[in-house]
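# An overview of the molecular structure
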Amino acid sequence: MATNFWASTHYKELLDQEEVDVVHNLDRERGITLEDFKLIKLQMTNYIARLAQNVKVRQRVVATAVTYMRRVYTRKSMTEYDPRLLAPSCLYLAAKSEESTVQARLLVFYIKKFYEKYRCEIKEILEMEMKILEALNYYLVVFHPYRALSQLVQDAGMSDATQLTWGLVNDTYKTDLILVHPPHLIGLACIYVASVLREKENTAWFEDLRVDMNVVKNIAMEILDFYDAHKMITDDRVNAAMHKLTIRT
């Protein structure tokens, strides 16, 4: 596995936001809008996280699975790759790639037990796993902000905000930030948000890092914008978006 982000396929696969916010023609034919697209991805991100709690895998596996799911949808349509099957299949593959293997039958067991409307079979997960691998061009390496986060929080004199910062990073996976920005900048943006929330003056510390603070602040604004938008999301809006997946054209 690559240890240098700048030499990794993750870095080479970074996209512009405009490339991420593209609804496939097949999905548009079903009436899926860009807003629906984002809502469905958010719903599936939450689904992956809940399923991961049941099968007891680390947050890093969740983050990798969500990254796979979001990457796939920059290339494939939801019409072709049903999110309700893709999401657990991404978790299955991510658990392998992060060396926290989960048996497919265990995933299916919990899906049937808690998520009746998302039923699937072992064979379907295994078949979707192969499709995911092809869609990702077998590029499975994902770098996350977690790697250096604890040390950075400590260096910033923010040890008392470690949990807050970690939670902010977790929430970034409810957006497409990991597809657009290097993970260390996402981590720094979360520390910046935590600094603002805790009213901690960290300007000098950030300046010493010699990073582009305009980028860090822009990511921080995207995080805050997500929280504002999230307050407006209702079950009705999510259900309406999910319903469009079942429409036959």
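Residues numbered from 1 in each chain as written. Predicted model: local features only at pLDDT ≥ 70, side-chain atom pairs only at ≥ 80, totals over all residues. Heavy atoms only, no water.

Looking at an unreviewed UniProt entry, the chain carries the name Cyclin-like domain-containing protein, with the source organism given as Lactuca virosa. Its UniProt record gives the chain the following Sequence similarities (unreviewed entry) comment, quoted word for word: "Belongs to the cyclin family." (UniProt positions renumbered as here; feature names shortened; annotations may be inferred.)

### Structural notes on the overall build of the chain
For the chain, the helix and strand inventory stands at 15 helices and 0 strands. In terms of overall size, the chain behaves like a compact globule, its C-alpha atoms giving a radius of gyration of 18 Å where 249 residues would be expected to give roughly 18 Å. Expressed as a percentage of its 249 residues, the buried residues of the chain come to 49%. Looking at the chain alone, contacts between residues at least 24 apart form 78% of all its contacts between residues at least 6 apart. Accessible surface computed for the chain: about 12600 Å², of which carbon and sulfur atoms make up 50%. Once the 32 positive and 33 negative side-chain charges of the chain are each reduced to a mean point, those two points are 7 Å apart. (Helix = DSSP H or I, 4+ residues; strand = E, 2+ residues; numbered from the N terminus. Rg over C-alpha atoms; globule rule 2.2 N^0.38 Å. Buried < 20%, exposed > 50% of the residue type's maximum accessible area, 1.4 Å probe, protein only. Contact = heavy atoms within 4.5 Å. Areas by Shrake-Rupley, 256 points an atom, 1.4 Å probe, with all protein chains shown as cover. Lys, Arg positive; Asp, Glu negative; His and termini not counted. Charge placed at Lys NZ, Arg CZ, Asp CG, Glu CD.)

### A few points about empty space enclosed by the protein
Summed over all chains, the structure comprises 1 cavity of 30 Å³ or more. Approximately 40 Å³ is the volume found for the largest cavity. In terms of lining, the largest cavity is formed by His10, Glu13, Leu14, Thr67, Arg71, Ile178 and Leu179. For the lining of the largest cavity, the class distribution of residues is 3 nonpolar, 2 polar and 2 charged. (1 Å grid on protein atoms, 1.4 Å probe; cavity = no way out; pocket = protein on both sides within 12 Å on 5 of 7 lines; lining within 4 Å. Points joined across faces, edges and corners; volume = space filled by probe spheres on them. Nonpolar A, V, L, I, M, F, W, Y, C, P; charged D, E, K, R; others polar.)

### What about the UniProt feature "domain: Cyclin-like" (unreviewed entry) in the chain?
Within the UniProt annotation, "domain: Cyclin-like" (unreviewed entry) is assigned to residues 46-134 and 147-225. For residues 46-134, the helix share is 71%, the strand share is 0%, and the end-to-end C-alpha distance is 24 Å. End C-alpha atoms of residues 147-225 are separated by 25 Å, and the span's content is 75% helix alongside 0% strand.

### Here we look at the pattern of salt bridges
Side chains carrying opposite charge are able to pair once their charged atoms draw close together. Evaluated as defined, the whole model comprises 14 salt bridges. We note a salt bridge from Glu127 to Lys123, for which the minimum N-O separation is 4.0 Å. With a gap of 4 residues between them, Glu127 and Lys123 both fall in helix H8 (residues 122-135), about one helical turn apart. Lys123 sits in the exposed class, given a relative accessible area of 59%. Linked by salt bridges that have partners in common, Lys41, Arg70 and Asp176 make up one network. (Salt bridge = Lys/Arg side-chain N within 4 Å of Asp/Glu carboxyl O.)

### Some details on the packing of helix H6 (residues 83-97) against H8
Relative to each other, H6 and H8 sit at 75°, their axes nearing to 9 Å. When the axis of H6 is compared with that of H8, the two are roughly perpendicular. On the side of H6, the interface is formed by Leu85, Leu86, Ser89, Cys90, Tyr92, Leu93 and Lys96, while H8 contributes Glu124, Ile125, Leu126, Met128, Glu129, Ile132 and Leu133. Broken down by class, the residue content of the contact of H6 with H8 amounts to 10 nonpolar, 1 polar and 3 charged. (Axes fitted to C-alpha atoms, helices over the stretch in contact; angles between N-to-C directions. Parallel < 35°, antiparallel > 145°, perpendicular 65-115°, else oblique.)

### Regarding helix H7 (residues 104-114)
Along H7, the residues that are buried comprise Ala104, Leu107, Val108, Tyr110 and Ile111. Viewed along the axis of H7, the buried residues span an arc of 165°, placing them on a single side of the element. What points out from H7, more than 90 degrees from its buried face, is the exposed set Arg105 and Lys113. On its buried face, H7 sits against helix H4 (34-55), H6 and H8. (Arc of directions from axis to C-beta.)

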